[in-house]
Structure formats: structure tokens, C-alpha cells
Amino acid sequence: MFSSVNSVGLFGLNAFPVTVEADSSPGQPSFDVVGMVDIAVQESKARIRAVMSNMGLKIFGGKITVNLAPASVKKIGSMFDVPISMALLKIGGVVDGDWSDTAFIGELSLDGRLAPINGVLSMTLTAAQHGIKRIFLPAANAKEASVADGIEVYGAEHISQIIEFLAHGTGLKREPRYIPADARRVPLEDFADVMGQFAAKKAIEVAAAGSHNILMLGPPGSGKSMLAKRIPSILPKITFAESIETTQIHSVAGIIDPNEPLVTGRPFRAVSHTASSVGLVGGGSIPRPGEISLAHNGVLFLDELPEFDRRVLETLRQPLENGDITISRASGSVTYPCNVMLVAAMNPCPCGNFGNPLKKCVCSDKQVSGYLNKISQPVLDRIDIQIEVKPVKYEELSNRRPQESSAVIAERVQRARDIQAERFKGTQIRANSGITSDIIADVCQMTDNAAEMLRRAFDKLGLSARAYDRILKVARTCADLDGSDYLQKSHISQAINFRSLDRKYWSR
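Novice: Honestly, the overall build of the chain in this entry has me stumped. Any pointers?
Specialist: A tally of helices and strands in the chain yields 22 helices and 18 strands. Counting only C-alpha atoms and orienting by the principal axes, one finds that the chain spans roughly 85 × 45 × 45 Å. Each of the 508 residues in the chain was classed as buried or not, and the buried ones make up 53%. Residue pairs at least 24 apart in sequence account for 73% of intrachain contacts in the chain once pairs closer than 6 positions are excluded. If you sum the accessible surface of the chain, you get close to 22,300 Å²; carbon and sulfur atoms cover 51% of it.

Novice: Just to check I follow, could you spell out the packing of aromatic side chains for this structure?
Specialist: The relation between two aromatic rings is expressed through the spacing of the ring centres and the mutual angle of the planes. All told, the structure shown has seven aromatic pairs when counted by the stated rule. Geometrically, the ring pair formed by tryptophan 99 and phenylalanine 104 is edge-to-face, given 5.5 Å between the ring centres and 65 degrees between the ring planes. For the residue pair tryptophan 99 and phenylalanine 104, the accessibility class agrees, reading buried in each case. It is lysine 90 that lies over the ring of tryptophan 99; its NZ or CZ is 4.7 Å from the centre. Above the plane of the ring of phenylalanine 424 lies arginine 423, whose end atom (NZ or CZ) is 5.7 Å from the centre.

Novice: When you look at the packing of helix H7 (residues 198-210) against helix H20 (residues 465-482) in this model, what are you seeing that I'm missing?
Specialist: Pairs of packed helices are described in terms of their axes, by the angle between the two and the distance that separates them. Packing of H7 against H20 leaves a shortest axis separation of 9 Å and a crossing angle of 95 degrees. Taken together, the axis directions place H7 and H20 in an arrangement best described as roughly perpendicular. Judged by residue contacts, Lys202, Glu205, Val206, Ala209 and Gly210 of H7 engage Val474, Thr477, Cys478 and Leu481 from H20. Considering only residue class, the contact of H7 with H20 consists of five nonpolar, two polar and two charged.

Novice: Please explain empty space enclosed by the protein as it appears in this structure.
Specialist: Any empty space left between the atoms is revealed when a probe the size of a water molecule rolls over them. Considering all chains together, one arrives at two cavities of 30 Å³ or more under this definition. Volume-wise, the largest cavity comes out at about 140 Å³. Around the largest cavity, the lining is made up of 15 residues, and of these Ser211, Arg266, Asn297, Asn339 and Arg417 lie nearest the centre. A breakdown of the residues in the lining of the largest cavity according to their chemical character gives six nonpolar, five polar and four charged. In this structure, the second largest cavity encloses a volume near 30 Å³. Contributing to the lining of the second largest cavity are Leu302, Leu305, Leu313, Leu316, Leu320, Leu342, Ala344, Val379 and Ile383. For the lining of the second largest cavity, the class distribution of residues is nine nonpolar, no polar and no charged.

Novice: Help me understand the pairing of strand S3 (residues 30-34) in this model?
Specialist: Only one face of S3 is buried, namely the one carrying Phe31 and Val33, since none of Ser30, Asp32 and Val34 on the opposite face is buried. In this structure, S3 lies alongside strand S4 (residues 63-69), joined through five bridges in parallel fashion. The residue of S4 that forms the bridge with aspartate 32 is threonine 65.

Novice: Just to check I follow, could you spell out the environment of glutamine 28 for this structure?
Specialist: For glutamine 28, the location among the structural elements is in the loop between strand S2 (14-25) and S3. In this structure the C-alpha to C-alpha distance between glutamine 28 and aspartate 384, which are 356 residues apart in sequence, comes to 68 Å. Residue contacts for glutamine 28: discarding those within four places in its chain leaves Gly62 and Lys63.

Novice: Is there a simple way to explain the pattern of salt bridges in this structure?
Specialist: Two side chains carrying opposite charge are able to pair once their charged atoms lie near each other. Applying the stated rule across the entire model yields 26 salt bridges. Put simply, aspartate 459 and arginine 455 hold a salt bridge, and the shortest N to O gap is 3.3 Å. Of the two residues, aspartate 459 and arginine 455 both sit in helix H19 (residues 448-461), four residues apart, roughly one turn of that helix. By relative accessible area, aspartate 459 is classed as exposed at 53%. In this structure, a network of salt bridges that share partners links the residues Lys202, Glu205, Glu404 and Arg412.

Novice: I keep staring at the nonpolar core and nothing clicks. Help me out?
Specialist: Side chains that are nonpolar tend, in soluble globular proteins, to be buried together. Within the largest apolar cluster, 106 residues are counted, with the highest numbers of intra-cluster contacts made by Val66, Leu68, Ile84, Met86, Ile162, Leu302 and Trp506. The dominant element in this core, judged by the number of residues it contributes, is helix H3 (residues 81-91), at seven residues. Once residues within four sequence positions are removed from consideration, isoleucine 84 is found in contact with Val20, Phe31, Val33, Ser44, Ile48, Val66 and Leu68. If you look at the next biggest cluster of nonpolar residues, it comprises 52 residues, including Ala410, Ile440, Cys444 and Leu463.

Novice: Hey, could you run me through the packing of H7 against helix H17 (residues 406-423) in this one?
Specialist: Remark: H7 packs on H17, axes separated minimally by 8 Å, with the N-to-C direction vectors making an angle of 35 degrees. As H7 packs across H17, the resulting crossing turns out to be right-handed. Counted together, Glu205, Ala208, Ala209 and Gly210 of H7 and Ile409, Arg412, Val413, Ala416, Arg417 and Gln420 of H17 form the full contact between these two elements. Taken together, the residues that form the contact of H7 with H17 break down as five nonpolar, two polar and three charged.

Novice: It is not clear to me how the confidence of the model for the chain should be interpreted in this structure. Could you clarify?
Specialist: Interpretation of this model should avoid reading the predicted coordinates in detail wherever pLDDT is low. Of all residues in the chain, 98% have pLDDT values of 70 or greater, and the mean over the chain is 91. Considering each helix and strand of the chain separately, the mean pLDDT is smallest for helix H16 (residues 394-398), with a value of 71, and largest for strand S5 (residues 102-104), with 98.

Novice: Would you explain unusual backbone geometry in this entry?
Specialist: The general pattern is negative phi for most residues beyond glycine and trans for most peptide bonds. That bond from alanine 69 to proline 70 is cis: its omega, 5 degrees, falls within 30 degrees of zero. Within the secondary structure layout, proline 70 lies in the loop between S4 and H3. The backbone phi angle of serine 211 is positive, close to 55 degrees, even though this residue is not glycine. Secondary-structure assignment places serine 211 in the loop between H7 and strand S10 (214-217). In the Ramachandran plot, asparagine 297 falls in the positive-phi region, its phi being about 70 degrees despite a non-glycine side chain. Topologically, asparagine 297 is positioned in the loop between helix H11 (291-294) and strand S14 (299-302). A relative accessible area of 5% means that asparagine 297 is categorised as buried.

Each value, and the rule that gives it
- Residues numbered from 1 in each chain as written.
- Predicted model: local features only at pLDDT ≥ 70, side-chain atom pairs only at ≥ 80, totals over all residues.
- Heavy atoms only, no water.
- Helix = DSSP H or I, 4+ residues; strand = E, 2+ residues; numbered from the N terminus.
- Buried < 20%, exposed > 50% of the residue type's maximum accessible area, 1.4 Å probe, protein only.
- Contact = heavy atoms within 4.5 Å.
- Areas by Shrake-Rupley, 256 points an atom, 1.4 Å probe, with all protein chains shown as cover.
- Phe/Tyr/Trp six-rings, centres within 6.5 Å; stacked < 30°, edge-to-face > 60°.
- Lys NZ or Arg CZ within 6 Å of the ring centre and 35° of its normal.
- Axes fitted to C-alpha atoms, helices over the stretch in contact; angles between N-to-C directions.
- Parallel < 35°, antiparallel > 145°, perpendicular 65-115°, else oblique.
- Nonpolar A, V, L, I, M, F, W, Y, C, P; charged D, E, K, R; others polar.
- 1 Å grid on protein atoms, 1.4 Å probe; cavity = no way out; pocket = protein on both sides within 12 Å on 5 of 7 lines; lining within 4 Å.
- Points joined across faces, edges and corners; volume = space filled by probe spheres on them.
- Pairing = 2+ DSSP bridges.
- Salt bridge = Lys/Arg side-chain N within 4 Å of Asp/Glu carboxyl O.
- Core = buried A, V, L, I, M, F, W, Y, C linked by side-chain atoms within 4.5 Å.
- Left-handed = near helix turned anticlockwise from the far one by under 90°.
- pLDDT = per-residue confidence, 0-100.

Structure follows, in C-alpha cells:
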């Protein structure tokens, strides 16, 4: 006897349709699972045997062969327990019917309960794209799967509920479409609490408006981390498409909240300097997303930047430039998106007081140079905005003058991002930081005064081609914040000033 059911596999972020074929023939009792499967799939045989035994079902007479097609694609994970079981139950005559538009995924506990799995949203979206009209999966994953459009989602606590529903149409209800209650959460920390630091706050506003990478350099206690933690409060609202992308990555990583499965705010991932390259960019025998991918469409915050291993920082060069990271292993290659706004903070020297007018630096020139040179020039070139964060003066702290709130700044940032969304409609570009070289001349048109200022700066400062492009991109964002169609002299000046630290510190 033969039966087949539909399922979905997952490798990294890539989901693909799988047909689970089962065959029963006379012969010595055996149970084989084939189709380029890993050990987790092989172990499903023991789980399924226990489930059938505990449910009082005996369908293992003779030679049982299960094939997961296509056999040329690696199958990993425990999500095939349920579809294999359903194929066997169909052979045994326990259930029957036309399931050509139905898919099953899920891991089984030994008593038949469905355990939650990772990556459900990617698998459900893929199933819908391949004509599947309904899908059965663990109840704990049902709310997440219901985000997908064009497919009915049924969440089951126990496999017996699926059997009853397929046989009699009772026992399960379709999961209602999940709609988040609030697309933007109230921030806990506000820029209204930050006294002074007007230049740093302006630089952060520009960075948030154009999704530009930013480096903050200053002595300990100047407020670098405090400023960084308030960046989420001014970021533009995440779009639905961005929310789906981010949720898929978080689902694969297993960090989704089952009660609020859709990521409705831009991620903010603060990474310790003890992180390895695998932790930062992803990896493992089965490639998993790293922190840079978990921050996709949001912020990756690296505090104490020189304390990171230099080799770890160098792994950021390609993903920061391309917006994705490809991880290759013997089992295959996986590409994760990582379109992030990098926010980095660092002291200017080991003691932290180099350039501090209030405290004396005790480091030698060699120590200062060695500390700064932990950040390579190629990494610096990928940072659009560099800002010096100086200690706040007593007068600024003591007068407690009301400061501009995050809500007010966020409105300007959102207006600028809306301008960019309209400008790049129909393209893959989402913000000014992603402007490509082939359109930069059209997008960043300058007045004559602005062009002359940039020409003089290019000759005097010896700017690289990459620096030239990045200055134009930042100036474009400054112009968007001002509502200007053309880059003015003030916008070019501001963008040039945002790239001054490498000449002040790294030229030593």
C-alpha cells in the first residue's frame, strides 16, 4: 500500500516543499526513513513507534519505507514527525481523504502531543506559495503561522485532534488571523532625559532618518551608551513587509514570543565585546542567524568597539556592505539578510581620556595608536557618521532646561523616511544608506555652491571614492530632514563634519 502527504522542510531561512511518501509491503517487519535525512529525522522512527503504541494503533506489520522527496535536498529537524505519522495512518486505514491541498508539520512527544518547532512562519509562507490551502501544526505555533495570508491554519495540541478533524470535521478550529494590537510600543527611555549633547543628538537623528551607520567616540561617562539606548525611541515605524522578514529570522532562531509572534518594532541588539564571529554573523554545523541578522531592519549596537577581537570585526565588512551574509557549511549554504543600522561606541584610548579637556590621558602615543588601530580602515569606511561625544558641562546638567522629546524627533525622522519610501518606490532600496552608485548622481543633485564645497573638500582631505559616496548619502538625508529637493551647501558641510574623526584620531 502507498500513501503520500505534503509537508515543508527548512534549512536556515529557506523553506521548501516536501512530499512524505509511505509504502507498506509484505516482508520482515522494518521501518526505514530515506530521502537524505539527518539524525533528527531518523530518530522520528522511535518517537512515532511510541506514539502509535500509546494510542493503541498497530500499523507496523511488514516492511515500512518512508521517503522524503525530493531526495536530493537535505532534510533536517524534527518537523517531519507529524507528516510521517499521517502518511502511516493513511496506509493503516485510520484516516482517509483527499489531502492534496493540505500540509502537516510538527514534532511529536512520546504521548502524541505536538511540541513547538522553529521557523514556522517561513514554512507556512512557502506552503501557501505552493498552493497549500490548509496546514496542521503545533498549537503553540498557530498564532505565528496565522500571519501568513491565503492559507488556513489549524493548531493541534495532540495528534488525535488532527485525526478526529480529518475523519469527522470536529475537534479543531481554524486559527484566526493574528493582528498585533499595537504596531509601535511606547519606548522606555526618552531623549528628553538627555541634557546637552546637541551635536550627538543631531547626528543620531540623521543616522536614524537614513539608516546610516554611526560611531560615537568619547571618554567614559560622556553618555555614549545612554544615547544609543534611546535610539529605538526615534526609529521610523517598521513596515509590514519588514516585520514579516524580521519575524522569520527570529522564528528560525527560536526567540519568538508565542503570544505576540509578529515583530512589530525595529530590533535593537546590544552585543557584548566577548561575542565570537559565529555569535555575531551566524554559523554552526546547521547555520543559524547571528546577532547581525537578528538585528535585521533595526539596530546592531556594539559598545566598547576596540575591545572586540579584530578578526570578529572584520567579519562585518561584507555584510555591512551587501546587507546579507552567506554562511557555507558542508551541509549547505544559507543566506540571511542583515540590513542593519550599526551603532558603535568607543573610548579614544585605553584610559579613555585622550582628548578630554578635563582629565589627563596617561597613555603613551603608542598605546593610543595601538588602541585606535584595532579598528581597521575598511571597517571605518563603512561607517557613514562619526561623532565625538564630549563630557556634558555642569551648566547643562544643572539648569534642567526641557529637552526635545523622542516623540518630536521621531516625527521628523518618520517624515524623512516617508520621503525616501516614495523616492525608492519599486526598487529594493529602503533608505538613503542603500543608494547605489548607478543612481547616486540622480538622487543626490546639488546646488552649485554645494558641489563646489564638496570638490574642495575632496581635494583637500584626500577622500576616497567610498567616502565621497557616503558623504552624498548622508547629505541626502540631511536634505530630506529639511524637506529640500536639492543638496544645499549646509547639507554637504554637515555630512563632511560627520566624517572628521578618522582624520583627527586615526591619522596619528
